[in-house]
Amino acid sequence: MCELFGVTANRRVKLNDLLKAFFEHSIEHRNGWGLAFLDDNSVSIEKEPIRAVDSLYLKNRLTGRIESARCMAHIRRATVGDISFSNTHPFSKRDDSGRTWVLVHNGTIFDSPVLSAYQYRQEGSTDSERILLYLVDQMNKHYERELNSFDVNERIKLIEDIIKRLAPNNKLNLMIYDGDYFYVHKNEEGTLYMSERPGSVIFSTHPLKGEGWEAVPQNRLLVYKDGTLIHTGEKHNYSYVHDEEKMKLIYLEYSGL
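Quick summary incoming for the structure in this document. As the structure is a computational prediction, the values presented were derived from the model and not from experiment.

**Observations regarding the sheet that holds strand β3 (residues 44-48)**
Phase 1 of the analysis: Reading across from one edge, β3-β2-β4-β1-β10-β9-β11 is the order of the seven strands in this open sheet, with antiparallel pairing throughout. Strands at the two margins of the open sheet, each flanked by one partner only, are β3 and β11 (213-215). Adjacent strand axes in the sheet meet at a mean angle of 20 degrees, parallel and antiparallel pairs treated alike.
Phase 2 of the analysis: Sheet analysis places strand β9 (residues 193-197) next to strand β10 (residues 200-204), joined by five bridges and oriented antiparallel.

**Comments concerning the side chain of His89**
Phase 1 of the analysis: With respect to the secondary-structure elements, His89 resides in the loop between β4 (67-75) and β5 (91-94).
Phase 2 of the analysis: A polar contact is formed between the side chain of His89 and the side chain of His74, at a distance of 3.3 Å.
Phase 3 of the analysis: A distance of 3.4 Å separates a polar side-chain atom of His89 from the backbone nitrogen of His105.
Phase 4 of the analysis: Beyond its immediate stretch of four places on either side in the chain, His89 contacts Trp33, Gly34, Lys47, His74, Arg76, Val104, His105 and Ser128.

**Some points on the sheet that holds strand β13 (residues 228-232)**
Phase 1 of the analysis: Strands sit in the order β5-β6-β7-β8-β12-β13 across an open sheet of six strands; the sheet is antiparallel. Edge positions in the sheet fall to β5 and β13, since each has one partner strand and no second. Neighbour-to-neighbour, the strand axes of the sheet open up by a mean angle of 20 degrees, direction not taken into account.
Phase 2 of the analysis: As paired elements, strand β7 (residues 173-177) and strand β8 (residues 182-185) share four bridges and run antiparallel to each other. When the bridges of β8 are listed, Tyr177 appears paired with Phe182.
Phase 3 of the analysis: Docked against the sheet, helix α4 (residues 127-145) engages β5, β6 (100-106) and β7, running at close to 145 degrees with respect to β6.
Phase 4 of the analysis: Against the sheet, helix α5 (residues 152-166) makes contact with β6, β7, β8, β12 (222-225) and β13, and its axis sits at roughly 25 degrees relative to β8, the strand it touches most.

**Section: the pattern of salt bridges**
Phase 1 of the analysis: What the rule picks out here adds up to 15 salt bridges.
Phase 2 of the analysis: Across the pair Arg12 and Asp40 runs a salt bridge, and its minimum N-O distance is 2.6 Å. On the criterion of sequence distance, the pair formed by Arg12 in strand β1 (residues 3-14) and Asp40 in the loop between β2 (33-37) and β3 is long-range, its members being 28 residues apart.
Phase 3 of the analysis: For Arg12, a relative accessible area of 41% gives the class partly exposed.
Phase 4 of the analysis: Accessibility expressed as a relative area gives 57% for Asp40, which makes it exposed.
Phase 5 of the analysis: Ionic pairing is found between Asp161 and Lys157, a salt bridge with its closest N-O pair at 3.1 Å. Highlighted residues: Asp161 and Lys157, both in helix α5, separated by four residues, approximately one helical turn.

Criteria and thresholds
Residues numbered from 1 in each chain as written. Predicted model: local features only at pLDDT ≥ 70, side-chain atom pairs only at ≥ 80, totals over all residues. Heavy atoms only, no water. Pairing = 2+ DSSP bridges. Helix = DSSP H or I, 4+ residues; strand = E, 2+ residues; numbered from the N terminus. Axes fitted to C-alpha atoms, helices over the stretch in contact; angles between N-to-C directions. Polar contact = N/O pair within 3.5 Å; in protein donor to acceptor, adjacent residues only side chain to side chain. Contact = heavy atoms within 4.5 Å. Salt bridge = Lys/Arg side-chain N within 4 Å of Asp/Glu carboxyl O. Buried < 20%, exposed > 50% of the residue type's maximum accessible area, 1.4 Å probe, protein only.

As structure tokens, then:
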């Protein structure tokens, strides 16, 4: 599986040490790395379909000071989709209102009919990209139906509905950013942690440097604005439990073996 890293804060914070510690995990996640900086109403994504520890670009990037108030990072161990730039996280997509969505995913979609059609529309071949395309389509339909009126409470409700639709029988650890709000969800025990610090929250698949790491609440959507929790979603019952046999089957299916 992949690993996730995220930051939401009320100011730019230095991230070099945390990112270096996170990307060291790519020894076992060799299929790509990515970074998204989400500051100043802009989205900047840097990624390569190679192991992070082998990337000269990333090594040089981490030697300079890196500061951000909103950041996502991802290291990939592929289960669905080949090793290519188009299958490397983070993924981004603009909706009809002009809002850019950014998503990173740690998990696998084993069964979800609503995502199947997107395999013919996506740039790559990952189930993660399909999640984002489906999310943006749902946002667009709501935006059109409500005559171009779409506040944050409606966005949060729609994302919660989408998660409850996709989570059954699937692993759905997600971080999403919509230009204003930072959304976090996990549904497998022991697969995402958080560290709350003054004015900021750091997320990582495994605890990184420093103390104070605790498990992200399971099966609930958490929504943050600049490091402050503004919404805790209703708890659902769709926990994912790792099944090695199911993973082998889906790997064989997508590798063509």
